[in-house]
Amino acid sequence: MSSSNIQTKLLDIQSNLLNFAYMLTSNRDDAYDLLQDTTLKVLDNEEKYVENTNFKGWVFTIMRNIFINNYRKVVRSATIIDQTEDLYHLNLPQESGFETPEGSYAAKEINEAINSFSDEYRVPFTMHVQGYKYNEIAEKMDLPLGTVKSRIFFARQRLQEMLKDYAR
């Protein structure tokens with residue numbers, strides 16, 4: 001097939017290609033980028049088109065493959081490989097804040113603030129943060145459930161007041 005014939009056929013299916021690109025990307029700008037990439041790829045590889053094959057199918061396959069390759073590239077670039085000795089970073093929440101010096105400083109300040117509480121507030125609050133249920137704390141400390149809840153509430157309020165400068 002001649003170069004001008006391929007260009008004509010390609011222009012005839014541009015609207016179909018744009019619809020397919022939009023279906024793949026769900027974003028107008030990304031769809032136009034995908035359409036442009038596909039058009040360039042088809043024009044660069046027009047000598048690879050085999051006569052008497054489905055031209056439209058060939059072009060749509062090129063578009064789909066470009067989309068898949070771009071998607072895989074994005075996924076690979078977003079993947080974080082933990083190379084620490086004991087896979088320390090795998091155990092951290094993604095938004096832990098510990099990767100910055102400011103995050104480490106804030107965690108140190110929070111611990112100091114909690115440790116400044118008297119035992120009657122610090123112990124139940126720390127246990128609650130560690131995952132103990134209210135009734136488990138009450139049982140372990142031999143206190144009424146309401147007392148435990150109020151101490152944790154007041155400790156939380158005091159902590160918020162002490163660290164109000166860190167609120168974002």
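This text goes with the structure placed above it.
Participant: An account of the packing of helix 6 (residues 119-129) against helix 7 (residues 134-141) is requested, with residue identities and associated values reported.
Facilitator: For the pair helix 6 and helix 7, the least separation of the axes is 10 Å and the interaxial angle reads 140 degrees. The orientation of helix 6 relative to helix 7 falls into the category oblique. Here the hand of the crossing between helix 6 and helix 7 comes out right-handed. On the side of helix 6, the interface is formed by Val123, Pro124, Met127 and His128, while helix 7 contributes Tyr134, Ile137, Lys140 and Met141. Looking at the contact of helix 6 with helix 7 residue by residue, the class counts come to 6 nonpolar, 1 polar and 1 charged.

Participant: A description of the nonpolar core should follow, citing residues and the corresponding values.
Facilitator: Residues Leu10, Leu17, Val42, Phe55, Val59 and Met63 are the most contacted members of the largest nonpolar core, which totals 17 residues. Filtering out sequence-adjacent residues up to four positions away, Val42 remains in contact with Ile6, Leu10, Trp58, Val59 and Ile62. Grouped together as the second largest cluster of nonpolar side chains are 12 residues, Ala113, Ile152, Ala155 and Leu159 included.

Rules behind the numbers
- Residues numbered from 1 in each chain as written.
- Predicted model: local features only at pLDDT ≥ 70, side-chain atom pairs only at ≥ 80, totals over all residues.
- Heavy atoms only, no water.
- Axes fitted to C-alpha atoms, helices over the stretch in contact; angles between N-to-C directions.
- Helix = DSSP H or I, 4+ residues; strand = E, 2+ residues; numbered from the N terminus.
- Parallel < 35°, antiparallel > 145°, perpendicular 65-115°, else oblique.
- Left-handed = near helix turned anticlockwise from the far one by under 90°.
- Contact = heavy atoms within 4.5 Å.
- Nonpolar A, V, L, I, M, F, W, Y, C, P; charged D, E, K, R; others polar.
- Core = buried A, V, L, I, M, F, W, Y, C linked by side-chain atoms within 4.5 Å.
- Buried < 20%, exposed > 50% of the residue type's maximum accessible area, 1.4 Å probe, protein only.

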